[in-house]
Each structure stands twice: as C-alpha cells, then as structure tokens.
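For reference, the chains in residue letters:
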Amino acid sequence: METLLEILEGLHPEIDFETHDSLIDDKILDSFDIVTIIAEVNDQYGVAIPAHEITPENFNSASALYELIQRLMDED
Amino acid sequence: MLFTSYGFILFLCIVIGLYYTIPKRFQWKLLLVASFVFYYFSGWSNLIYISVTIVSTYLIGVKLGNLDKQQKSYIKEHKESLTLEEKKAYKEKIKVRRWRWLLLCLFFNLGILAAIKYTNFAIANINHIFTLFKMNELSFVNLLLPMGISFYTFQTMGYIIDVYRGKYEPERNIGKLALFVSFFPQLIQGPISRFDDLSKSLYEEHHFDAKNFAFGFQRVLWGYFKKLVIADRIVTAVLEITKNPETYDGIFVLVGMVYYAIQLYADFTGGIDITIGIAQMLGIKVTENFNRPFFSKSITEYWRRWHITMGTWFRDYIFYPLSVCKPMLNISKSSRKRFGEEIGKRIPVYLSTITVWFTTGLWHGASWNFIVWGLLNGFVILVSQEFEPLYAKFHERFNVADTFGFRLFQVMRTFLLMSSLRILDCYRDVGVSFRMFGSMFTKLNINELFNGSLLKLGLDMSDYIVIIIGVIVMISVSLSQRSGSVREKIAGKPVIIRYAVFVLLFFSIIIFGAYGIGFDSNQFIYNQF
C-alpha cells in the first residue's frame, strides 16, 4: 500500500490519499493521471491493469485501487 | 426524413399515438418497425448497411457469450481433474478465440464505415501522389454515405467490446439489438448510447405519464426553437462569409467563427434536445450529450462537456486500451530508462492522445481539414497539460483563480480558442483556413463592423434582433440550469405563467422559424457524420 500511496502522492501531493474516497467523482484524477498510475503500478507491482477495469469504483480511492491490484495479482 | 420536415411531425404523431394505445408488450416492437420506416425514408439502401451491422454484431455477440459460457461450464465440470496450469491454458485458448471473433466484428463493421466514408478521400490523396509522378489518376467511386453511419457503427462497436469484456451478457433477441442500434430519435446524430444505459428503458413497458410526456414535449419545442429560429437563420451569414474568403477576411473571419459557434451549438444541442425530448415522451431515458459547454474554462473541460458520449467513447474504447496495452507499457518502461522519469511517463499519454484526436478528426469527416482540426485539439490539450503547473503558480502568486473576472476571462478564452479551431470546419481546405486565421491579425479592421457590412451577409436587422433575443434566451436558460432543471422551475410557477412560456415558445417557432420562402430546411450538421 505504501508504494501505491507514493505513486499517487507523486501526482497530487496536495491530496490525502489515505482518506479521500472520491478521486474520480471529484475530478482529482483525470485520464492522464490514470494512465500514469497504471504504468507505474505495472512497474512496481508487475500487474497490468486492463482498460475495462478503469472504472470510478476502482479508482475513487487508494484502497479500492489497492484491492484491484491485489485481485489482479491473485488472478495471475 | 429530417426532424424539421412536416413528414417527420406526422410520423411522430402516428408513432406516439400507437405507442400508448397498443398492448404494452408490443411497444418496443412498434419502435423497431418505426425506426426502420424512419431510416427507409433516408434511402432504402441504407437499410442494407444497418442490417448487415446489426446481424453481424448480433451473431458475434452471441458467439462471444457462448464461448464465455462454454469456458465457465467446462471449468466447473472439470474442477477436480484440471491442474492450475491446465485451467490457465484452457482459459487462454478461449480468450484467443473470443479475441479473434471481436477483431472480426470490429474489422468488418469499421471496414464498412471506412470503405463508404474514406475511399474517395484515400483516392484523392493517392491521385495527388500519382500526379507528382505523372501517372494516370484513379477514378472516384460513387458511394452514398448512409445518414448516421458513424453514430450507429460506434454505438454497435461499443456494445460488442463491452460484451467481449464481460461487462454484460449479449442480447439474444436480434429484434431488441436491432432496436438498440436503430432507435429512430438518436439514429442519425446520436447520442452514442451504451447498451447498459439505454436497453432497459428501451425494452420495458411504458405507461403514459403526463408529466414526463409534457417535459419531453417541452424539450422537443426547445430543440426546434434552437434549430429553426437560431441555427437555420444564422447559417446564411456563416455560409456567406466562409464560402467567400476572398471577400470576407480579417474581422469577418472572427465574426464568421462567432456566428458558426452559435449555429453549431443551436443546431447540435437543438437536435439532441429533440432526440432526448422524443425519447422522454415515449418514457425512454437517453444519455445527455451536453453540459453547458460554452461555460468551460479550458479546452479539456470543454471536451468533457461537449458531445460527451463521443468523448467518453473515444476515452473508453481507444484512449485507455491504447494507453495501458502491453506494448505501450513496454514503451513507457523503456522510454523512462532512456529519457528519464519525467519524459518517459508522458510518452504513452502523448501517443494515445495524438491517436485519439487523429481518429476523432477522421470520425468527423474524410478531409484533411478535420484531421488537422483533431490534431490541433490534441496539441492544445497536451500543451495546456504541460503548462498546468505554471498556471497553478501564477494563480497562487496573483490570487486570481477564484475571482469572477478571471473565470469570465477563462470562459471567453476557451470560447475564442475553440472558435479559432473551428475555422477548419468551415473553409474549403487547410491552406485557406490558416490564411483566414492569419488574416484576423494582419487585416483586422474593426471599422468594417460598423459600416453596414454586417447587413449584407444575408441577414437584415429583423434577423439580427431575432438571433440576439434567441441567444440571450439560450444563455439565460444555461445560467438557470446551473441551479436545477428549468422545466421543473417553470412547472412550479402559476398555471398562467407556465402556459404563457410554452405558448410563446411554440409561436416563436411558428413565426420566427427560418423556413418557408427564402429559407431551405437545413439538414442538421451532425447528420452528415
């Protein structure tokens, strides 16, 4: 989780990613951020997040995103 | 059949009358027949193209669904006997087969679109090259572009990709799928609906709901007001300016682009109001396509609020898949190593953005004008993205971000920027478009606005008064929408005011609508896509 928080904070240092749970709904993360996050997650965790998993539910909070990463790692 | 024709009004009255009198279980079937009748009137051969798309998408959708079921039942049946590796190998085999069926569907249907829409554009470009080498030129082919083909093809391809992704089950009733693809109010100019958003409301039974019907009717009237009173009136001046670039340069280019912005907004949002309003009269909910786009403070925001369903289509089916596909992730990884973190992480975004805007331009039309227009949009978005930290520092330093004046400046800047890019929509080729853009700076003579020239563009003083009042009404409605539905607000007023508003709107269309002698009933701009 710490690695993921570092990735997110690198993009938006002003946001508290541990508590924020509407990153997409509040338009904090845009499509450019999402693509950058996916590339970095792929680098750090070795997981490729497929396009159809890019949904507000999966990207609205750091914890939801972390759950997605865990799920994809388990599927592998 | 145009929305603005008397034939369409008659057709609509018959469909709505039947819709609420026949047994409810036949409602969706009536809509299917009505949609095909509607499309028949735009050319019988168009029915062949749309039917081929429906049948091919239906068959491949069912195939994808069956393969998915086959995989699940096989793994369930052999749960005990299969090793993890065997399960993985079986899943991979099915995945490859499903992927091939998807590709077949995409290539086939996008191939039809490409063949009809882009063959002559390709021939024209090949001929340019042939001319350089003094070779014989190829002949152009005579293919009529079916109305709305870009819309229904994209809507159908969205459906098949979603089925492939397992977002929902394929529709196993071909009639129902055919209705989703051909639903007449949205067939020729969108919105580009998603199956999971539209299908339920499209197929379920609808009882007559007076409020819903009245709200739908009001929205239809509002759409006709924008189209007939404003767009079809101001188009005369837009054409006069843009078809005669030798006469009208300098300040007239700016005037033409402001007029075109008004025309395009009134035309396209008016058409969508009619679409959504008709659907609402039938009890069906169609996705919104606009969210007061001319109040956007940046071009990125503008594209989130203008033609929303097209933007989200490109985002979900091209931008994201391209940005996160394995080759792109590999490019990202290697470019980070080679060029460093900052540049490396931008490369996938840049490549995907350029591709999306190239295809967005191409989707709008088979000409270099649209391609350059698309690429320039992408360029401006990327540049804005790069300057974002600089803007943030500027805002912080001068504390201007939240002032009304600054927000107004941002809105005006975005409006003028988008209007400048639209020069490419209007002039005959890219060279003339750039020359006209340049003339705004080199031949700017503001006095020309006050010497009576504006009254020689095909609009007289009474036309200007109607347009100005129309634009003021549009802006007022948009401002009012910020605090909720305008129709709900009007519904809360005393009955006399309610009726006065809609009688006024109705008679404005009858009296001030630009039709009859001297005006041609114009096709909607987006019908051509």
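All values reported here derive from a predicted model rather than from experimental measurement.

**Observations regarding the overall build of chain B**
Next, step 1: A count of helices and strands for chain B gives 22 helices and 0 strands.
Next, step 2: In summary, chain B has a C-alpha radius of gyration of 26 Å against a globular reference of 24 Å for 529 residues, a match within 12%.
Next, step 3: For chain B, the residues scored as buried account for 49% of the 529 residues in total.
Next, step 4: By sequence separation, contacts in chain B at least 24 residues apart represent 76% of the contacts at least 6 residues apart.
Next, step 5: Put simply, chain B shows about 26,200 Å² of open surface, and 66% of that area lies on carbon and sulfur atoms.
Next, step 6: Charge-centre separation for chain B: the mean point of 57 positive side chains lies 5 Å from the mean point of 37 negative side chains.

**Concerning the domain arrangement of chain B**
All names here are of chain B.
Next, step 1: As far as domains go, chain B holds domain 1 (6–208) and domain 2 (296–428).
Next, step 2: Each of domain 1 and domain 2 was reduced to a C-alpha centroid, and the two centroids are 29 Å apart.
Next, step 3: Carbon and sulfur atoms supply 63% of the area that domain 1 and domain 2 bury against each other, a total of about 1,400 Å² over both sides.
Next, step 4: For the pair domain 1 and domain 2, the number of links is 1 salt bridge.
Next, step 5: Taking the shortest distance from any N to any O, the salt bridge between R194 and D316 comes out at 3.1 Å.
Next, step 6: Elements supplying a minimum of two residues to the side of domain 1 that touches domain 2: helix 4 (84–132) and helix 5 (149–165).
Next, step 7: In terms of residue count, helix 5 provides more of the side of domain 1 that touches domain 2 than any other element does, 9 residues in total.
Next, step 8: Tallied by class, the residues present in the side of domain 1 that touches domain 2 amount to 8 nonpolar, 4 polar and 4 charged.

**Focus: a negative patch on the surface**
Next, step 1: Taken together, the side chains of E2, E6, E9, D16 and E18 of chain A present a region of like negative charge at the surface.
Next, step 2: You can see E9 of chain A is positioned in helix 1 (residues 2–11).

**A look at the environment of F213 of chain B**
All names here are of chain B.
Next, step 1: In this fold, F213 is placed in helix 9 (residues 210–242).
Next, step 2: For the pair F213 and Q280, spaced 67 residues apart in sequence, the C-alpha separation works out to 6.5 Å.
Next, step 3: Not counting residues within four places of it along the chain, the set of residues in contact with F213 comprises I16, Y20, F208 and M281.

**What to know about the packing of aromatic side chains**
Residue and element names in this part refer to chain B.
Next, step 1: Taken as a whole, this structure holds 51 aromatic pairs over all chains when the rule is applied.
Next, step 2: Judged by centre distance (5.0 Å) and plane angle (75°), the rings of F290 and W306 are edge-to-face. One end of the pair, F290, is in the loop between helix 10 (251–281) and helix 11 (299–305); the other, W306, is in the loop between helix 11 and helix 12 (308–324), with 16 residues separating them in the sequence. Across the pair, exposure class does not vary: F290 and W306 are buried alike.
Next, step 3: Look at F294 and Y302: their rings are 6.4 Å apart centre to centre, the planes differ by 10°, and that puts the pair in the stacked class.
Next, step 4: A residue is classified by how much of its surface remains accessible, and Y302, at 3% relative accessible area, is buried.

**What to know about the interface of chain B and chain A**
Next, step 1: Facing the 20 residues of chain B at the interface are 19 residues of chain A.
Next, step 2: Interface area lost by chain B to chain A is led by Y320, V324 and L329 of chain B, which between them contribute 31%.
Next, step 3: The partner of D43 of chain A in a salt bridge is R336 of chain B, with the nearest N and O atoms 3.3 Å apart.
Next, step 4: On inspection of chain B and its partner chain A, the count reaches 1 residue pair in polar contact (both at pLDDT 80 or more).
Next, step 5: Ranked by residues supplied to the side of chain B that touches chain A, first place goes to helix 12 of chain B with 5 residues.
Next, step 6: Looking at side-chain class alone, the side of chain B that touches chain A contains 9 nonpolar, 4 polar and 7 charged residues.

The rules behind these values
Residues numbered from 1 in each chain as written. Chains lettered and ligands numbered in written order. Predicted model: local features only at pLDDT ≥ 70, side-chain atom pairs only at ≥ 80, totals over all residues. Heavy atoms only, no water. Helix = DSSP H or I, 4+ residues; strand = E, 2+ residues; numbered from the N terminus. Rg over C-alpha atoms; globule rule 2.2 N^0.38 Å. Buried < 20%, exposed > 50% of the residue type's maximum accessible area, 1.4 Å probe, protein only. Contact = heavy atoms within 4.5 Å. Areas by Shrake-Rupley, 256 points an atom, 1.4 Å probe, with all protein chains shown as cover. Lys, Arg positive; Asp, Glu negative; His and termini not counted. Charge placed at Lys NZ, Arg CZ, Asp CG, Glu CD. Domains from an automatic or database assignment. Buried area = accessible area lost by both parts, 1.4 Å probe. Salt bridge = Lys/Arg side-chain N within 4 Å of Asp/Glu carboxyl O. Nonpolar A, V, L, I, M, F, W, Y, C, P; charged D, E, K, R; others polar. Patch = residues over 30% accessible without salt bridge, like charges linked within 9 Å, V, L, I, M, F, W, Y side chains within 5 Å. Phe/Tyr/Trp six-rings, centres within 6.5 Å; stacked < 30°, edge-to-face > 60°. Polar contact = N/O pair within 3.5 Å; in protein donor to acceptor, adjacent residues only side chain to side chain.

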